[in-house]
Amino acid sequence: MTERNRYPGYDVLVKRHSPSWNEATRRVMDARLGVPREPRFLSRIEWDTLVAICDRIIPQPKNRPPVPLAAYIDQKLKADARNGFRNAALPPQRAAWQIGLAAFEVEAHQLHGKAFHHLTTAQQDDLLRRVESGRIDAPAWGDLDAALFFSEHIMGDIIAAYYAHPTSWNEIGFGGPASPRGYVRMRNNRRDPWEPVEAGPGEEARVGRENRRVR
C-alpha cells in the first residue's frame, strides 16, 4: 500500500533563496544535509546495529532517499551534543548508547547465534519488543535499564533525528525554521502564504499546483 502524499508538490528546500531563510538558516540546513553517511564515533559493529534498529523503528519508503538516522545519532555522539537534561537513572548518552548497542548484540547472539543486523525483521522486532518491556537476559546490560534506554534513546533520539530532516518536513507540511520571516497566522487552521496546503483525497493535482508556488 502506497502512503498518500498529504502535501503534494511541496519541497521545503526551495525556500533556500526566499525571504523564509537567511544565511544562518542556510548554514544550519547545509550542515544537516551534509552529514557523512558513515560512522565517525561508533565502531563498525555498533553502527551496523544502530542502522538496523533505525530501519525497524522508522521504516522508510523506497521511492525517496532515506533520512540518515544513524548518521545523525553518530554525529550527535561524536559532538557529545546533549539535550540539556538527562534522566538520572541513565548514564550519559555516549555510555548509554555504547552499552545498549553492545547489549543488543549479545542478546541477538544468545537468542539466534548471529549479529542483530543479520537477523530477520521478525527476529529484530521481537528483540526490540523484549528490550522495550525489559524482558532481557544478557548481563551486558549491567546497570543500564533496558526499557528506559529504549524509551529515552531508541525512541527519543531516533524520532528526533527523523524530524530534524527536511524530508520529514515535506511529509508533514512544516516550513522549517522560517528565519527571518517567521510565522504570522498562529490561530488554529490558519496558514501563512509560505506554508503548504494539505490535500484531501482527490485534491492532489490541484493542491500540487498550489504548493509548487510556496516559497
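Per an unreviewed UniProt entry, the protein carries the name Gluconate 2-dehydrogenase and comes from Komagataeibacter swingsii.

A separate point is the overall build of the protein. Check the secondary structure of the protein and you find eight helices and zero strands. Going residue by residue from the N terminus, the α and β elements of the protein occur as α-α-α-α-α-α-α-α. In terms of its C-alpha atoms, the protein occupies a principal-axis envelope of roughly 55 × 40 × 30 Å. Burial analysis of the protein (215 residues in total) assigns 41% to the buried set. Restricting to contacts in the protein with at least 6 residues of sequence separation, those with at least 24 account for 65%. About 11900 Å² of surface is accessible on the protein, with carbon and sulfur atoms providing 51% of the total. In the protein, the 32 positive side-chain charges and the 27 negative ones have mean positions that sit 9 Å from each other.

Attention shifts here to the nonpolar core. Judged by nonpolar contacts, the single largest core of 39 residues is most densely connected at Ile53, Phe104, Phe116, Trp141, Ile154 and Ile158. Within the residue set of this core, elements represented by two or more residues are α2 (44-57), α3 (69-79), α4 (93-112), α5 (121-133) and α6 (146-162). Counting residues in each nonpolar core, the second largest holds seven residues, with Tyr10, Val12, Trp21 and Val214 among its members.

Right, let's get into the layout of surface pockets. Left-over empty space is what a probe sized like a water molecule reveals as it rolls over the atoms. Taken as a whole, the largest pocket spans an internal volume of roughly 730 Å³. Lining of the largest pocket is provided by 24 residues; of these, Glu3, Pro61, Asn63, Arg64 and Glu171 occupy positions nearest its centre. With four residues, helix α7 (residues 166-172) is the single largest residue contributor to the lining of the largest pocket. By residue class, the composition of the lining of the largest pocket is ten nonpolar, seven polar and seven charged. Viewed by domain, the lining of the largest pocket spans two of them, domain 1 (1-20 + 175-215) and domain 2 (31-169), each represented by three or more residues.

Each value, and the rule that gives it
Residues numbered from 1 in each chain as written. Predicted model: local features only at pLDDT ≥ 70, side-chain atom pairs only at ≥ 80, totals over all residues. Heavy atoms only, no water. Helix = DSSP H or I, 4+ residues; strand = E, 2+ residues; numbered from the N terminus. Buried < 20%, exposed > 50% of the residue type's maximum accessible area, 1.4 Å probe, protein only. Contact = heavy atoms within 4.5 Å. Areas by Shrake-Rupley, 256 points an atom, 1.4 Å probe, with all protein chains shown as cover. Lys, Arg positive; Asp, Glu negative; His and termini not counted. Charge placed at Lys NZ, Arg CZ, Asp CG, Glu CD. Core = buried A, V, L, I, M, F, W, Y, C linked by side-chain atoms within 4.5 Å. 1 Å grid on protein atoms, 1.4 Å probe; cavity = no way out; pocket = protein on both sides within 12 Å on 5 of 7 lines; lining within 4 Å. Points joined across faces, edges and corners; volume = space filled by probe spheres on them. Nonpolar A, V, L, I, M, F, W, Y, C, P; charged D, E, K, R; others polar. Domains from an automatic or database assignment.

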